[in-house]
Amino acid sequence: MKLQPIVRKLASVAAVVGALAATQATAQSVAVTSIVEHPALDSVKDGVKKALENAGYTEAKGLKWQFQTAQGNTAIAAQIARKYIGDKPDVIVAIATPSAQAVVAATKTIPVVYSAVTDPVAAQLVPGWGPSGTNVTGVSDALSLDKQIELIKKVVPDAKNVGMVYNPGEANSVVVVKQLRELLPKAGMTLVEATAARTVDVGAAARSLVGKVDVIYTNTDNNVVSAYEALVKVGNSAKIPLVASDTDSVKRGAIAALGVNYHDLGVQTGALVVRILKGEKPGSIASETSSKLQLFVNPEAAKKQGVTLSDALIKSAAEVIK
């Protein structure tokens, strides 16, 4: 009996089995959830995937990637969170405050990386800005409201009453409103609030501000950003200037925005995911913010809303929408 061919065959089988075992050992799974799909949050998701690809984590090499959106519904966000917990991925990425809150409430063991959350501490995702000591870390899109107020004054120098449409159920928006109530009077202005608990309420909320405000400011409230065209319709018809903190909203009809690049924010978030996939504990990684602010302006939108932008402001913009 010739043993040599049999030995070679067994060695070949062992090599195949070993390779499969190694592949299974190194295969990683990342589950991504977002409260709603709109340009800013979609850019975060794409940025996360880009960072993973840059680090060699691709679906072709065994990465299991899944994405689900809650379509603006917090109940659906909770359902997605429960599904992901059952799937037991290596990391869950939760984009925007409501989705992050749903995931963090559902697991204390699976690593969670939040993104595009204005105030993770107020949202009770982490106890502070340092390493959490828990299963959670992430990247905030928090902005300096002093700089936002400066932008409002540059767009509408004589503004006295600043309107804001927001969802009172979204923690990050509540934080911004509270801060603006304190900061605007110091700049000689007053905040006029209009709430929109649902996306379909945004247009009506904006119309309620007509005749009461000199400018409407919007933060990264997900209801408002999802229905920004409804706000633009009111701004154009009533000649109320719109100033945003989401740069993508400028492409959709806001006059100006000073905000983060959400694709870059996603790449920054993805870098944290990679660190966790390579063995770091999320609780040892401090929450991060983005220092890369960009000014977008839209002179045509300014004309439609009854103002003229200064040459200095236009020249200082990273992007001028035409």
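This text goes with the structure placed above it.
As the structure is a prediction and not an experimental result, all values here were calculated from the model. (Residues numbered from 1 in each chain as written. Predicted model: local features only at pLDDT ≥ 70, side-chain atom pairs only at ≥ 80, totals over all residues. Heavy atoms only, no water.)

A.B. asks: Let's hear about the side chain of Ser-29: which residues, and what values?
C.D. replies: With respect to the element layout, Ser-29 can be found in strand S1 (residues 29-34). Once you skip the residues sitting within four places of it in the chain, Ser-29 turns out to touch Leu-63, Lys-64, Lys-88, Pro-89, Asp-90 and Val-91. (Helix = DSSP H or I, 4+ residues; strand = E, 2+ residues; numbered from the N terminus. Contact = heavy atoms within 4.5 Å.)

A.B. asks: Outline the sheet that holds strand S4 (residues 112-117), supporting the account with residue identities and numerical values.
C.D. replies: Across the sheet, which stays open at both edges, the 6 strands sit in the order S2-S1-S3-S4-S5-S11 with parallel pairing between neighbours. Edge strands, defined here as strands with exactly one partner in the open sheet, are strand S2 (64-69) and strand S11 (288-289). Sheet analysis places S1 next to strand S3 (residues 91-95), joined by 5 bridges and oriented parallel. Residue Val-30 lies in a different strand from S3, and its bridge partner there is Val-91. Contacting S1, S3, S4 and strand S5 (136-140), helix H4 (residues 97-106) runs over the sheet at an angle of about 160° to S4. Helix H11 (residues 262-277) contacts S1, S3, S4, S5 and S11 of the sheet and is inclined by roughly 170° relative to S4. (Pairing = 2+ DSSP bridges. Axes fitted to C-alpha atoms, helices over the stretch in contact; angles between N-to-C directions.)

A.B. asks: Talk me through the pattern of salt bridges; I want residue IDs and the actual numbers.
C.D. replies: This structure, assessed with the given rule, holds 8 salt bridges. For Arg-252, the salt bridge goes to Glu-229, with nearest N and O atoms at 2.9 Å. Of the two residues, Arg-252 sits in the loop between helix H10 (248-251) and strand S10 (256-260) while Glu-229 sits in helix H9 (residues 228-238), which places them 23 residues apart along the sequence. Under the relative-accessibility criterion, Glu-229 is labelled partly exposed at 43%. Note that Asp-248 and Lys-251 form a salt bridge whose closest N and O atoms lie 3.6 Å from each other. Taken together, the residues span about one helical turn, with Asp-248 and Lys-251 both in helix H10 at a distance of 3 residues. Residue classification places Asp-248 among the buried residues on the basis of a relative accessible area of 14%. Lys-251 gets classed as partly exposed once you look at its relative accessible area, which sits at 46%. (Salt bridge = Lys/Arg side-chain N within 4 Å of Asp/Glu carboxyl O. Buried < 20%, exposed > 50% of the residue type's maximum accessible area, 1.4 Å probe, protein only.)

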